[in-house]
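# Notes for the structure review
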Amino acid sequence: MSTAAAGEMTSATAQLPQHELMSQFAQHNGQLLVGGFSLSAISRMLNKTVFYAYDRNIITQQVQRFRQALPARIKLHYAVKANPYWPVVQHLKPLVDGFDVASQKEMLLAVQSGMAVQDISFAGPGKTDAELSAAITLGVTLNVESVSELARICRLGQECGSTPQVALRVNPAFELKASGMKMAGGAKPFGIDEEQVFAVLADIGAMPLRLRGFHIFCGSQNLKADALIEAHQHTFALAAKLVAACPYRPDLINLGGGFGIPYFAGEKRLDLTPVGQSLNALLQRYHDDFSGIELVIELGRFLVAEAGVYACQVVDKKVSRGTTYLVCNGGLHHHLANSGNFGQVIRKNYPVAIGNKMPHSNSSTTFETVTAVGPLCTPLDILADKVSLPQAEPGDWLVVYQSGAYGPTASPQDFLGHAAVTEILL
Ligand SMILES: Cc1ncc(COP(=O)(O)O)c(C=O)c1O
């Protein structure tokens, strides 16, 4: 929805253009539907007035978008951190080829989903001995983040009486340009620097472990096909050199991920067609280098973010010196990312709507410029700043789109002691 000057009120007969980033959900008679249900219906199901609702069909469609555009040779892993809600993990289990986890808790989720352990990888700096031992015992692949972690893995493997399955995470010299978060190139806590890794490979044949391959993850939240294509070109070239330097043939190369989703006005969905075409060309060019080796792309938000909304209710409406506030019962304690405090440099509004007053062709809608805030006593608790929305009153539903990733588990839920948020997959 467009931004308008504070206090401005406009009347419009709907048939208003649907915000491009809000087109994935159906609506009926002015009600937004998630999985076919209105927010009031979901509220009755849950007996809650604040919740995250995820639409399973939209998750499935995102997997299909990936499968249609990318070569079948490229496997798809889901990064559980994006949304570890158990029904979401279970829904994705048969749709993807593996899971990437970032903690022991996520690893146990992944294992209990029934995913084969050889298709689960565990990445992240600072893994404790307990986490490493658990992964070694299970046979989960450890993405090794440093030379000293590798030494600990060897020792713990012997103590556990199991052969550790490892992939060396490499911090390449190149970076993934135009990423929301850069995780490679330069000094990084992630992975072993490209300049060091060849020396490690020279010794690895004598180590008590099985080297499965490599993990080259450069960044996240990227909407630029050109930047991803360039990173894939560098990644294939580096991976070919790494494979050639291995004492025996590895069986896995994780090419990273980083496919973004549009959050803000003016952003466009990532065009996967050129990314797929480029990968096809790279597969041909490096056919012999990678024959028999599994190639993986690992994605989190791309698969789940567009499938989720955060819904809360307007509790109070007030005007302060010309600004109309919708004070809601949900806020940054449930949805830190939407408040702009999870990596944004300048806060921008996620797409929002009044979920029980969706403009539709048979209605005339009066719009009003409002700022929607949460119940926390901090100026950071902003749900949407100066947005034009259908005129709302207490009891109406404020909905934040693009909320299926990095929601409840990426938010400070205990802050100020408000109730934790509920989730549902429909
Ligand atoms: C190693 C690794 N894999 C996957 C992801 C998921 O990123 P995204 O949700 O942007 O796809 C991240 C994000 O930080 C990561 O660090």
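Residues numbered from 1 in each chain as written. Predicted model: local features only at pLDDT ≥ 70, side-chain atom pairs only at ≥ 80, totals over all residues. Heavy atoms only, no water.

## Focus: the nonpolar core
Core analysis: the largest hydrophobic core is formed by 128 residues, its most contacted members being Tyr78, Leu168, Phe259 and Phe290. Examining the composition of this core, we find that 11 residues originate from one element, helix H8 (residues 225-244), more than from any other. For this core, the domains that each give at least three residues are domain 1 (9-54 + 308-425) and domain 2 (84-299). Contacts of phenylalanine 290, omitting those with residues within four sequence positions, involve Arg73, Phe236, Ala239, Ala240, Val243, Arg249, Ile253 and Leu295. (Core = buried A, V, L, I, M, F, W, Y, C linked by side-chain atoms within 4.5 Å. Buried < 20%, exposed > 50% of the residue type's maximum accessible area, 1.4 Å probe, protein only. Helix = DSSP H or I, 4+ residues; strand = E, 2+ residues; numbered from the N terminus. Domains from an automatic or database assignment. Contact = heavy atoms within 4.5 Å.)

## Considerations on unusual backbone geometry
Backbone geometry at glutamine 402 places phi at a positive 55 degrees, although glycine is not the residue there. Among the structural elements, glutamine 402 can be located in the loop between strand E22 (397-400) and strand E23 (422-425). Look at glutamine 402 and you get buried, because its relative accessible area is 0%. In this structure, tyrosine 406 takes a positive phi of about 55 degrees despite not being glycine. Here tyrosine 406 is to be found in the loop between E22 and E23. For tyrosine 406, a relative accessible area of 15% gives the class buried.

## Re empty space enclosed by the protein
One pass over the full model with this rule turns up 2 cavities of 30 Å³ or more. Considering the residues around the largest cavity, the lining is formed by 14 residues, among which His77, Ser121, Thr141, Leu252 and Asn254 are closest to the centre. For the lining of the largest cavity, the elements supplying multiple residues, two or more each, are strand E8 (120-122), strand E9 (141-144), strand E13 (210-215) and strand E15 (252-254). Residues that form the lining of the largest cavity fall into these classes: 5 nonpolar, 7 polar and 2 charged. Approximately 60 Å³ is the volume found for the second largest cavity. (1 Å grid on protein atoms, 1.4 Å probe; cavity = no way out; pocket = protein on both sides within 12 Å on 5 of 7 lines; lining within 4 Å. Points joined across faces, edges and corners; volume = space filled by probe spheres on them. Nonpolar A, V, L, I, M, F, W, Y, C, P; charged D, E, K, R; others polar.)

## Side note on the layout of surface pockets
Here the largest pocket is characterised by a volume of approximately 730 Å³. Lining the largest pocket are 32 residues, with Ala79, Lys81, Ala102, Glu106 and Tyr406 sitting closest to its centre. Among the elements of the structure, helix H4 (104-112) and strand E16 (294-299) are those that each provide at least two residues to the lining of the largest pocket. Here the lining of the largest pocket takes 3 residues from H4, the largest share from any one element. Grouping the amino acids of the lining of the largest pocket by side-chain chemistry returns 16 nonpolar, 8 polar and 8 charged. The space that makes up the second largest pocket amounts to roughly 550 Å³. When the residues that make up the lining of the second largest pocket are grouped by side-chain class, the tally is 12 nonpolar, 6 polar and 4 charged.

## Considerations on the packing of H4 against helix H5 (residues 129-138)
Angle between the axes and distance between the axes: these two values describe a pair of packed helices. Where H4 contacts H5, the axes come no closer than 10 Å and their chain directions differ by 20 degrees. Taken as axis vectors, H4 and H5 run roughly parallel relative to one another. Two packed elements cross with a definite hand, and for H4 against H5 that hand is left-handed. Listed contacts from H5 to Gln104, Met107, Leu108 and Val111 of H4 are Ala130, Glu131, Ala134, Ala135 and Leu138. Tallied by class, residues from the contact of H4 with H5 come to 7 nonpolar, 1 polar and 1 charged. (Axes fitted to C-alpha atoms, helices over the stretch in contact; angles between N-to-C directions. Parallel < 35°, antiparallel > 145°, perpendicular 65-115°, else oblique. Left-handed = near helix turned anticlockwise from the far one by under 90°.)

## As for the packing of aromatic side chains
One pass over the full model with this rule turns up 15 aromatic pairs. Centre to centre, the rings of tyrosine 78 and phenylalanine 99 are 6.1 Å apart; their planes meet at 70 degrees, and the pair counts as edge-to-face. Residue tyrosine 78 is located in strand E6 (residues 74-79), and its partner phenylalanine 99 is located in strand E7 (residues 98-101); the two are separated by 21 residues in the primary sequence. Residue tyrosine 78 shares its accessibility class with phenylalanine 99, and that shared class is buried. One aromatic cluster is present, formed by Tyr52, Tyr54, Tyr85 and Tyr310 through successive ring pairs. Over the ring of phenylalanine 122 we find lysine 127; its NZ or CZ atom is 5.8 Å from the centre of that ring. (Phe/Tyr/Trp six-rings, centres within 6.5 Å; stacked < 30°, edge-to-face > 60°. Lys NZ or Arg CZ within 6 Å of the ring centre and 35° of its normal.)

## Points about H5
Among the residues of H5, those classed as buried are Glu131, Leu132, Ser133, Ala134, Ala135 and Ile136. Taken together, the buried residues of H5 touch H4, E8, E9 and helix H6 (147-160).

## Regarding the state of the cysteines
Per the stated rule, a full pass over the model turns up 0 disulfides. Considering cysteine sulfurs only, cysteine 154 is the nearest to cysteine 160, which forms no disulfide, with 12 Å between them. (Disulfide = S-S within 2.5 Å.)

## Overview of the side chain of threonine 323
Along the chain, threonine 323 turns up in strand E18 (residues 323-328). Ignoring sequence-local partners within four residues, the contact set of threonine 323 consists of Lys318 and Thr371.

## Some details on the sheet that holds strand E4 (residues 37-38)
Strands in a sheet are paired, the pairing made by backbone hydrogen bonds, and the direction either parallel or antiparallel. Read from one edge to the other, the open sheet built from 3 strands follows the order E2-E3-E4, with strand pairing classed as antiparallel. What marks the edges here is a single partner per strand, and that holds for strand E2 (27-28) and E4. (Pairing = 2+ DSSP bridges.)

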